[in-house]
Amino acid sequence: MPRLAIASIATAVPMGAQRYETEMAARAQSALTPYGDWCVRRVLVRSLRSPLPGDRRMPMSRVGAASVRERRLAGRVLYPRADIVHRTALELPPARVDVVTLHDVVAWRFPDESAPVPAAAEELRRAAAVICVSAFSAGQAVELLGIEPPHVVHNGVDPRYLDAAPLAPSQLAALGITGPYVLTVGGASKRKNLEGLAAAWPAIHAARPDVTLALVGPEHPERTRLFAGLPGTRLLGRQPDEVVPGLYASASVVVVPSTYEGFGLPALEGMAAGAPVVAADTSALPEVVGDGGFLVEPTPDGIVDGTLAALAGGADVETVAARGRRRAAEFTWERSARGHAEVWASVAR
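Please read these numbers as outputs of a predicted model, since none were measured by experiment.

### Observations concerning the overall build of the chain
On a plain count of helices and strands, the chain comes out with 16 helices and 13 strands. Taken over the C-alpha trace, the chain has a radius of gyration of 21 Å; the compact-globule value for 349 residues is 20 Å, and the two agree within 12%. Structurally, the chain occupies a C-alpha span of about 60 × 40 × 40 Å along its principal axes. In the chain, buried positions account for 53% of the 349 residues. Counted over contacts in the chain with a minimum sequence separation of 6, partners at least 24 positions apart contribute 64%. Carbon and sulfur atoms make up 53% of the accessible area of the chain, which totals about 15300 Å². Of the side-chain charges in the chain, 36 are positive and 36 negative, and the distance between the mean point of each set is 9 Å.

And the structure:
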């Protein structure tokens, strides 16, 4: 019976990558059914002093900075009983038979992102298989890191977004939103292009003073610097998971202005919730959005034009939003899990 261990790092602030880990791991066993009997288990690694739940402890900073040889030895200690290990984080050490998810190459491309694990590029080239979440990311991995063509397996979208009901006016009022609003969700690193959105917002607000810009994401000084003084904006911080689908469903427009995304989950979630999505015509976003949203240049003028067009509403906007919802429904975690299972089974063979 082949054994598969899905290895992840415990984190106190789950983001899109952690959502991927949870959804994929939950479906791994059933997705492998066509390939015979498998033993699947989750390995959740935490640092030595972490209070978070987990079943392994490791000096994460030391292992992350270690040499290729030292990391291989650490992997033999960490995963002694697995035939195949799927690492969902590059900080974890490699296994004897290693499958790795590479969401993107931002660590190698953007200095304001976390620095890459020194051994990661070589480990990726040696892995039995590398899975990328978009064709764009796969191309970047080949070009920048010299990886053999990776397997492309798209992310999915939580069904809660497809079934999301708009928040009640009282819920929105508690967040300081009392009318139509434009929503953006995500981080605040430079590639997220919040600077472009901040430059675009005064023109949007001048044309539509009734509309609020609502920003959801972990507290970050750059987001505060850009938007705290702009009229008609609300910094909502992180919101509970049970609230976010309704925030999307209530939005008049969802804007994803990023200049670089390895996938672009906020665009997919906005489409699933039925909101018109305005996304930058860059990186993996066109691959995800397709004809289900408005693709614009990630410049202030492009963001202004796309957002105002979507805010205008009408039959054309409704048609695009409906296409987006249908397209998003195709991105299921079940389909993603089946794609992962094909890779695991091919490695086992």
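### Remarks on the UniProt feature "domain: Glycosyltransferase subfamily 4-like N-terminal" (unreviewed entry) in the chain
Under the local residue numbering, the UniProt record ascribes the feature "domain: Glycosyltransferase subfamily 4-like N-terminal" (unreviewed entry) to residues 20–159. Helix makes up 37% of residues 20–159 and strand 18%, and the two end C-alpha atoms of the span are 14 Å apart.

### Here we look at the pairing of strand E12 (residues 277–280)
Of the two faces of E12, the one carrying Val-277 and Ala-279 and the one carrying Val-278 and Ala-280 are both buried. Across three bridges, strand E11 (residues 253–256) lies against E12 in parallel orientation. From the neighbouring strand, Val-255 faces E12, where its bridge partner is Val-278. The β-α-β motif built from E11, the intervening helix H12 (residues 265–272) and the parallel element E12 has right-handed crossover chirality.

### A closer look at the pattern of salt bridges
Tallying each qualifying case throughout the model produces 17 salt bridges. For the salt bridge of Arg-27 with Glu-334, the shortest nitrogen-to-oxygen distance reads 2.9 Å. Residue Arg-27 is located in helix H1 (residues 16–31), and its partner Glu-334 is located in helix H16 (residues 333–348); the two are separated by 307 residues in the primary sequence. Its relative accessible area of 39% is what places Glu-334 among the partly exposed residues. One salt bridge in this structure joins Glu-113 and Arg-191, with 2.7 Å as the shortest N-O distance. One end of the pair, Glu-113, is in the loop between helix H4 (106–109) and helix H5 (120–126); the other, Arg-191, is in the loop between strand E8 (181–185) and helix H9 (194–207), with 78 residues separating them in the sequence. Owing to a relative accessible area of 10%, Arg-191 belongs among the buried residues under this scheme. Each member of the salt-bridge network shares a partner with another, and the members are Arg-71, Arg-87, Asp-98 and Glu-123.

### Concerning the side chain of Thr-307
Within the secondary structure, Thr-307 is located in helix H14 (residues 300–311). In this structure the side chain of Thr-307 is engaged in a polar contact, spanning 2.7 Å, whose partner is the backbone oxygen of Ile-303. Setting aside residues no more than four positions away along its own chain, Thr-307 makes contact with Val-182, Ile-204, Val-253, Val-255 and Val-278.

### A few points about the packing of aromatic side chains
The final tally for this structure, using the stated rule, is five aromatic pairs. Note on Tyr-20 and Trp-333: the rings are 6.3 Å apart at their centroids and 50° apart in plane angle, and the pair reads as tilted. Taken together, the positions of Tyr-20 in helix H1 and Trp-333 in helix H16 put the pair 313 residues apart, joining distant regions of the chain. Trp-333 matches Tyr-20 in its accessibility class, with the two residues each being buried. Ring centres of Tyr-161 and Tyr-248 lie 5.6 Å apart, and the angle between their planes is 70°; on these two criteria the pair is classed as edge-to-face. Here Tyr-161 is found in helix H7 (residues 159–162), whereas its partner Tyr-248 is found in helix H11 (residues 244–250), with 87 residues between them in sequence. This pair shows no difference in class: Tyr-161 is buried, exactly as Tyr-248 is. By the ring-pair criterion, three or more aromatic residues cluster together here, those being Phe-110, Phe-136 and Tyr-260. The cationic tip of Arg-335 hangs over the ring face of Phe-331; the distance from NZ or CZ to the ring centre is 5.5 Å.

### Some words on the packing of H9 against H14
Axis separation between H9 and H14 bottoms out at 8 Å; the angle between their running directions is 40°. As far as their axial angle goes, H14 and H9 are oblique. For the crossing formed where H9 meets H14, the hand is right-handed. Residues Gly-196, Leu-197, Ala-199, Ala-200, Ala-203, Ile-204 and Ala-207 of H9 touch H14, and the partners they reach there are Pro-300, Ile-303, Val-304, Thr-307, Leu-308 and Leu-311. Grouping the constituent residues of the contact of H9 with H14 by class yields 11 nonpolar, two polar and no charged.

Cut-off values and rules
Residue positions within a chain follow its written sequence, with the count starting from 1. Under the rules for a predicted model, residues below a pLDDT of 70 receive no local features and side-chain atom pairs below 80 are neither given nor counted, while totals for whole chains, interfaces and linings still include all residues. No hydrogens and no water enter the side-chain calculation; it runs on all heavy atoms of the structure. Starting at the N terminus, helices and strands are each numbered in turn, a helix being any DSSP run of H or I of at least four residues and a strand any DSSP run of E of at least two. The size measure is the radius of gyration over C-alpha atoms, and the globule rule it meets is 2.2 Å times the number of residues to the 0.38 power. The buried label applies to any residue whose accessible area, calculated with a 1.4 Å probe on protein chains only, is under 20% of its type's maximum; exposed applies above 50%, and partly exposed to all values in between. Should any heavy atoms of two residues lie within 4.5 Å, those residues are considered in contact. All accessibility values rest on the Shrake-Rupley procedure with a 1.4 Å probe; residue burial counts only the protein chains present in the view. For the purpose of charge, His is not counted, nor are the chain termini; Lys and Arg are scored as positive and Asp and Glu as negative. Where a charge lies is defined by one atom per residue type: Lys uses NZ, Arg uses CZ, Asp uses CG and Glu uses CD. UniProt positions are given in the numbering used here, feature names are shortened, and annotations may be inferred rather than shown by experiment. Two strands are said to pair when DSSP picks up at least two bridges between them. Handedness of a crossover is defined as follows: orient the strands so they point away from the viewer, and if the path from the first strand over the helix to the second runs clockwise, the crossover is right-handed. When a carboxyl oxygen of Asp or Glu is within 4 Å of a side-chain nitrogen of Lys or Arg, the pair counts as a salt bridge. By the criterion applied in these results, polar contacts are pairs of N or O atoms within 3.5 Å in which, for protein atoms, one can donate a hydrogen and the other can accept it, and in which residues neighboring in sequence qualify only through two side-chain atoms. Side-chain rings of Phe, Tyr and Trp (the six-membered ring for Trp) are treated as a pair once their centres are within 6.5 Å; stacked means planes under 30 degrees apart, edge-to-face means over 60, and tilted covers the remaining angles. Two conditions define a charge sitting above a ring: the NZ of Lys or the CZ of Arg must be within 6 Å of the ring centre, and it must be within 35 degrees of the ring normal. Only the stretch in contact is used when fitting a helix axis, every axis being a line fitted to C-alpha atoms; angles between N-to-C directions are given from 0 to 180 degrees. Each angle gets one of four labels, with under 35 degrees taken as roughly parallel, over 145 as roughly antiparallel, 65 to 115 as roughly perpendicular, and the rest as oblique. Crossings are classed by handedness, with left-handed meaning an anticlockwise turn of the near helix from the far one by less than a right angle and right-handed meaning a clockwise turn. Note on residue categories: nonpolar means Ala, Val, Leu, Ile, Met, Phe, Trp, Tyr, Cys or Pro, charged means Asp, Glu, Lys or Arg, and polar means any other residue, Gly included.

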